[in-house]
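Understanding the architecture of this molecule
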Amino acid sequence: GCGSSADRLSHLPEAIRAKVDNHPCFSEDAHHHYARMHVAVAPACNIQCHYCNRKYDCSNESRPGVVSELLTPDRAVKKVIAVAANIPQMTVLGIAGPGDPLANPERTLETFRQLSEKAPDIRLCVSTNGLALPEVVDEICKHNIEHVTITINCVDPDVGAKIYPWIFWNNRRVKGRKAAEILIAQQQKGLEMLVERGVLVKVNSVLIPGVNDEHLKEVSRAVKAKGAFLHNVMPLIAEPEHGTFYGLMGQRGPSNEELQTLQDACAGDMAMMRHCRQCRADAVGMLGEDRGHEFTLDKIETME
Ligand code: CLF
Ligand code: SF4
């Protein structure tokens, strides 16, 4: 139903409500009052999505065609502390790229480690394609990360083979259906491990018309059954300047209507996220707002 925002959260257990009531992505209501920021510390990726253009930010969470400025963990921490001092609504720090945060475990985990010490009030959040997730779950929990997003575009390797040409796995490149099989297994395992440890998991799915549109209902059912908290179906953004869908020339993105119809079809007991803004990997501010230009490193130096 469409009750007030308080009603939307009121069915949740208190412990979960406390984790989402100021997280702008995990609670639709919170995004009117609270801000997030991202630091772009993670350049590498361990898979290839057909919809990715490596010159830009990871399209699993980001608007394609955007290049974020890469920071070292030390500089990123400096930036977070400066932004927190200037934007009191900033409650969440996310790492979402520009590549896959968990394909850069030293850089990502070092940033979290420092922040959990120096800024313990800021909630930490990370998004990933899931391939490296199972092996870092315990480390993630150690740094008090309560929110994780996994991009899951399929649970069927035949569909996956149309989305992922290859993955990098155990020091070699694996292609085709086999690659999709490994990726899917890792994503599902990571999801289970996080749920077991009480981490709230959001699943992002990129809606690719003609490739996984019909299949996403099954994805939604599967991740809900495993305990995902929220499902965020995002449109593939196919822009000419971003290059064509690498494996399928002329691939289009969905219309607003197609996106909404699918979101409605997926909506069951698990909440659907409908307020995602496909942020850049260095976004700062309320969702849909980007104040990153106010906090470039040279400006931060002069604030100190
Ligand atoms: Fe960032 Fe993502 Fe955490 Fe939010 S964004 S890592 S969950 S703090 Fe939010 Fe931006 Fe959509 Fe992501 S609106 S792209 S869902
Ligand atoms: Fe690109 Fe992100 Fe896919 Fe990696 S996970 S290939 S960065 S879209």
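Here, every reference points to the structure presented above.
Attention in this report is confined to the structure presented alongside it.

Conventions and cut-offs
- Residues numbered from 1 in each chain as written.
- Chains lettered and ligands numbered in written order.
- Predicted model: local features only at pLDDT ≥ 70, side-chain atom pairs only at ≥ 80, totals over all residues.
- Heavy atoms only, no water.
- Near = heavy atom within 4 Å.
- Nonpolar A, V, L, I, M, F, W, Y, C, P; charged D, E, K, R; others polar.
- Phe/Tyr/Trp six-rings, centres within 6.5 Å; stacked < 30°, edge-to-face > 60°.
- Helix = DSSP H or I, 4+ residues; strand = E, 2+ residues; numbered from the N terminus.
- Lys NZ or Arg CZ within 6 Å of the ring centre and 35° of its normal.
- Salt bridge = Lys/Arg side-chain N within 4 Å of Asp/Glu carboxyl O.
- Pairing = 2+ DSSP bridges.
- Core = buried A, V, L, I, M, F, W, Y, C linked by side-chain atoms within 4.5 Å.
- Buried < 20%, exposed > 50% of the residue type's maximum accessible area, 1.4 Å probe, protein only.
- Contact = heavy atoms within 4.5 Å.
- Expected span 1.5 Å × (residues − 1).
- Axes fitted to C-alpha atoms, helices over the stretch in contact; angles between N-to-C directions.
- Parallel < 35°, antiparallel > 145°, perpendicular 65-115°, else oblique.
- Left-handed = near helix turned anticlockwise from the far one by under 90°.
- Right-handed = clockwise from strand over helix to strand, strands pointing away.

1. Observations concerning the site of ligand 1
- Not every one of the 15 residues close to ligand 1 is listed here, only the nearest: C25, H38, C125, C276 and C279.
- Grouping the amino acids of the shell around ligand 1 by side-chain chemistry returns seven nonpolar, five polar and three charged.

2. A short note on the packing of aromatic side chains
- One pass over the full model with this rule turns up one aromatic pair.
- Judged by centre distance (6.2 Å) and plane angle (20°), the ring pair of F26 and F229 falls under stacked. Of the two residues, F26 sits in the loop between α2 (14–20) and β1 (35–38) while F229 sits in the loop between α8 (216–225) and β9 (230–235), which places them 203 residues apart along the sequence.
- Over the ring of W166 we find R173; its NZ or CZ atom is 3.9 Å from the centre of that ring.

3. Points about the site of ligand 2
- Within the structure, ligand 2 sits among C45, I47, Q48, C49, Y51, C52, R54, C58, S59, N60, G99 and N129.
- Here the shell around ligand 2 is composed, by residue class, of six nonpolar, five polar and one charged.

4. Structural notes on the pattern of salt bridges
- Inspection of the entire model under this criterion finds 18 salt bridges.
- Note that K142 and E139 form a salt bridge whose closest N and O atoms lie 3.9 Å from each other. Of this pair, K142 and E139 both sit in helix α5 (residues 133–142), three residues apart, which is roughly one turn of the helix.
- The salt bridge involving D158 is made with R177; its shortest N-O contact spans 2.8 Å. With a gap of 19 residues between them, D158 in helix α6 (residues 157–163) and R177 in helix α7 (residues 176–196) connect regions that are remote in the sequence.
- In this structure, a network of salt bridges that share partners links the residues D158, R177, K178 and E181.

5. Points about the sheet that holds strand β6 (residues 166–169)
- Across the sheet, which stays open at both edges, the three strands sit in the order β2-β6-β7 with antiparallel pairing between neighbours. Edge positions in the sheet fall to β2 (47–48) and β7 (172–175), since each of these pairs with one other strand and no more.

6. Topic: the nonpolar core
- With 53 residues, the main nonpolar core has V39 and L93 as its most contacted residues.
- The residues touching L93, leaving out its near neighbours within four places in the chain, are M37, H38, V39, V80, F112, L115, I122, R123, L124 and C125.
- Counting residues in hydrophobic clusters, the runner-up holds 20 residues, among them L131, I163, A179 and V206.

7. Quick word on α7
- Over its 21 residues, α7 runs 31 Å from end to end, which matches the ideal 30 Å to within 8%, given 1.5 Å per residue.
- Those residues of α7 not exposed but buried are A179, A180, I182, L183, I184, Q186, Q187, Q188, G190, L191, M193 and L194.
- Just downstream of α7, G198 is the residue with a positive phi angle, here 80°.

8. Comments concerning the pairing of β7
- With four bridges joining them, β6 and β7 adopt antiparallel strand pairing. Each bridged residue has a counterpart across the sheet, and for I167 the counterpart in β7 is V174.

9. What about the packing of α5 against α7?
- In contact at an axis separation of 8 Å, α5 and α7 are set at 20° when each is read in the N-to-C sense. Taken together, the axis directions place α5 and α7 in an arrangement best described as roughly parallel. The two elements α5 and α7 cross, and the hand of that crossing is right-handed. Residues L133, P134 and V137 of α5 lie in contact with α7, whose contacting residues are Q186, K189, G190, L191, M193 and L194.

10. Description of the pairing of strand β5 (residues 147–151)
- With five of five residues buried, β5 is to be regarded as a mostly interior element.
- Covered by surrounding structure in β5 are H147, T149 and T151 together with V148 and I150, the residues of both alternating faces.
- Of the strand pairs in this sheet, strand β4 (residues 123–128) and β5 are connected by four bridges, and their pairing is parallel. Each bridged residue has a counterpart across the sheet, and for C125 the counterpart in β5 is H147.
- Chirality of the crossover, the property in question, places the unit of β4, α5 and β5 among those that are right-handed.

Everything listed here is a matter of coordinates, which is why it stays silent on function.
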